[in-house]
Structures are given as C-alpha cells and as structure tokens.
Amino acid sequence: MILYHGTNMDFDRIDIRKSNPYKDFGQGFYLTDIQEQARNLAAKKTRIFGGEPIVMQFLFDENMLSDTGNGIKVLKFDLPNKEWAEFIYKNRNREMDFHHDYDIVTGPIANDGVAYLLGRYEEGTLTLEELARELEYKQLNSQYFFGTNRAIKLLHRI
C-alpha cells in the first residue's frame, strides 16, 4: 500500500524525536492512505510554518498490520469508540506520563476541537462515550502512526 506524509519541508531521514509527543497516538511519524488528506496537511503546515507543501509517498506492506509472527506490535482502531477516545486522551494529556509500546497504531483522526473536548472529559462534563462521539472527525480520514525505529524501517520512500 502507499502511505502519504504531508509536510512543509523535504527530508531524507525520519527522526521520531523531532515530532510532537502529545499527538493522538503519541510521539511518532504520522501518515495517511488518503492523498488529499496529506495535501491538506502539507498546505496547513506551510501556512503556519512557511516552506513549500510536500507530499511524501512511502511503500508499506500492509500485511505487517496483521501478521502476528513478524514482531511488530500493532493497535488498530477501525472506528471512533471509547477505547480510541481514551487512548487519545492519555496520549494528549501533558500531565500523565503515558507511554505505550505499540510500533504501529492506525485509526481515525480526532477533530480540531480535541483540547476543548478532552478538557470537558477531564472535568467530568462528558462521559467517555460522549467524548468518543464528539471526537469523531466528520470527513473521511485515517492516520497511521509509526512510533519505533523498527516500524520506521518498514517504510520505503518512493
């Protein structure tokens, strides 16, 4: 399968340490299988940080997501649900020292009001089920998180 990464500058080496640690699935390299989504993310990064919108393409063997004998630890969220919402909450919470050991995590992207919604959940005005429903992004989207060097080695730029 082809995965896309939208950015504002080209680079040859993926360095997980340069990414924000408080993202949906934690600190890692994020891609999507939707080219338009990657173009939109590249344009957004360019508006904020300058540079040129770039969409990198990577070849990835999707069998690695289901082959349990390959040593890659994978977590998949097919739909927004309370487990997905709780995982995002833990990863985005700056006061928790949460770290998971998944090499790859796949699932929907939380919407742009994430910080507000997580705050409401934390104060108790939203249940976990309500949080999951509210976090669901209304457009078709997907994200693939590669959080270890072992996972990054599975990506081949094309």
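Residues numbered from 1 in each chain as written. Predicted model: local features only at pLDDT ≥ 70, side-chain atom pairs only at ≥ 80, totals over all residues. Heavy atoms only, no water.

## Here we look at helix H4 (residues 128–135)
Our working definition: Each residue's exposure class comes from its accessible area (1.4 Å probe, protein chains only) as a fraction of the maximum for that residue type: buried when under 20%, exposed when over 50%, partly exposed otherwise. Only runs of H or I of at least four residues qualify as helices and only runs of E of at least two qualify as strands under DSSP, and these elements are numbered from the N terminus. Working definition: the arc comes from the directions between the helix axis and the C-beta atoms, pointing outward to the latter.
For H4, the set of buried residues is Leu 128, Leu 131, Ala 132 and Leu 135. End-on, the buried residues of H4 take up no more than an arc of 100°, which puts them together on one face.

## Details of the sheet that holds strand S5 (residues 104–107)
The following threshold applies: Here, any two strands with at least 2 DSSP bridges between them count as paired. A fitted line through C-alpha atoms represents every axis, and for helices the fit uses only the stretch in contact; the resulting angles, taken between N-to-C directions, go from 0 to 180 degrees.
Strand order in the open sheet formed by four strands is S2-S6-S5-S4, with mixed pairing between adjacent strands. Each of the sheet's edge strands pairs with one partner strand only, and the pair in question is strand S2 (29–31) and strand S4 (74–76). Taking the axes of each pair of neighbouring strands and ignoring which way they run, one obtains an average angle of 15° across the sheet. Across four bridges, S5 lies against strand S6 (residues 143–146) in antiparallel orientation. Paired with Thr 106 across the two strands is Tyr 144, which belongs to S6.

## Focus: the pattern of salt bridges
This is how it is decided: Salt bridge criterion: a side-chain nitrogen from Lys or Arg within 4 Å of a carboxyl oxygen from Asp or Glu.
A full pass over the atoms with the stated rule returns seven salt bridges. With a closest N to O distance of 3.0 Å, Arg 17 and Asp 15 form a salt bridge. Judged by its relative accessible area of 65%, Arg 17 is exposed. Judged by relative accessible area, which is 18%, Asp 15 ranks as buried. Note that Lys 82 and Glu 129 form a salt bridge whose closest N and O atoms lie 3.6 Å from each other. Of the two residues, Lys 82 is situated in helix H2 (residues 82–92) and Glu 129 in helix H4; the sequence distance between them amounts to 47 residues. On the basis of relative accessible area, Lys 82 is assigned to the partly exposed category, the value being 37%. According to the relative accessible area criterion, Glu 129 is partly exposed, its value standing at 44%.

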